[in-house]
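Given next are the chains, with one letter for each unit.
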Amino acid sequence: MPSDSVEFDEAGVRMALRKAWSIETAQQWSAENPANGQCNVTAALIHDLFGGEVLRTRMEGIWHYYNRINGVRMDLTDSQFTDPGARFDPPDGYDDDLSSPEAALQTIPQSEYDTLKSRLLQELGKSA
């Protein structure tokens, strides 16, 4: 269930995420490409904070996770495909497979989720 204390503003959330991501929120993180490896934990957290749906697309043998909020696809980690050090090319298209926060977090340590949540809420001016 989404928090009723945080309103979704795409530009503000994108800016806050870039500051909140770190090696503690995904092992693939790098200073040159902060979104690297952050899709799973980010999609789950955005769902928990703002509602909507968790979606996924099959890419080069892995799942890429993102969200749909208010009927609009939001890939808040899409900069990982274009920033220096990109590990994958952007998707040719999105499958928009309906998924879940649990599926997104299946291989993610709880500590990565907790750290991202705390940092994102701090960046958004809220308390964890």
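As shown above, the structure is provided for reference.
Bear in mind that the values here come from a model prediction, so they are computed numbers and not experimental data.

A. Expanded view of the nonpolar core. Of all hydrophobic cores here, the largest spans 26 residues; its most connected members are Leu17, Ile46 and Leu120. Looking at which element gives the most residues to this core, the answer is helix H2 (residues 39-50), with eight residues.

B. A look at the pairing of strand E1 (residues 53-59). Inspection of the sheet shows E1 paired to strand E2 (residues 62-69) by seven bridges, in the antiparallel sense. Within the sheet, the bridge partner assigned to Val54 lies in E2 and is Asn67. The turn linking E1 back onto E2 is made up of two residues, and Glu60 within it adopts a positive phi angle of 40°. In this sheet, strand E4 (residues 97-98) lies alongside E1 in antiparallel orientation, the contact comprising two bridges. Within E4, the residue paired with Leu55 across the bridge is Leu98.

C. Spotlight on the pairing of E2. Taken together, the three bridges between E2 and strand E3 (residues 72-74) define a ladder with antiparallel strand orientation. When the bridges of E3 are listed, Arg68 appears paired with Arg73. Hairpin connection of E2 to E3: two residues between the antiparallel strands, including Asn70 at a positive phi of 50°.

D. How the structure looks around helix H4 (residues 110-123). Taking 1.5 Å of rise per residue, the 14 residues of H4 would be expected to cover 20 Å, and the 20 Å separating its terminal C-alpha atoms lies within 8% of that figure. Lining the buried residues of H4 we find helix H1 (10-20) and H2.

Conventions used here
- Residues numbered from 1 in each chain as written.
- Predicted model: local features only at pLDDT ≥ 70, side-chain atom pairs only at ≥ 80, totals over all residues.
- Heavy atoms only, no water.
- Core = buried A, V, L, I, M, F, W, Y, C linked by side-chain atoms within 4.5 Å.
- Buried < 20%, exposed > 50% of the residue type's maximum accessible area, 1.4 Å probe, protein only.
- Helix = DSSP H or I, 4+ residues; strand = E, 2+ residues; numbered from the N terminus.
- Pairing = 2+ DSSP bridges.
- Expected span 1.5 Å × (residues − 1).
- Contact = heavy atoms within 4.5 Å.

Function cannot be read off these values alone, since they describe shape.
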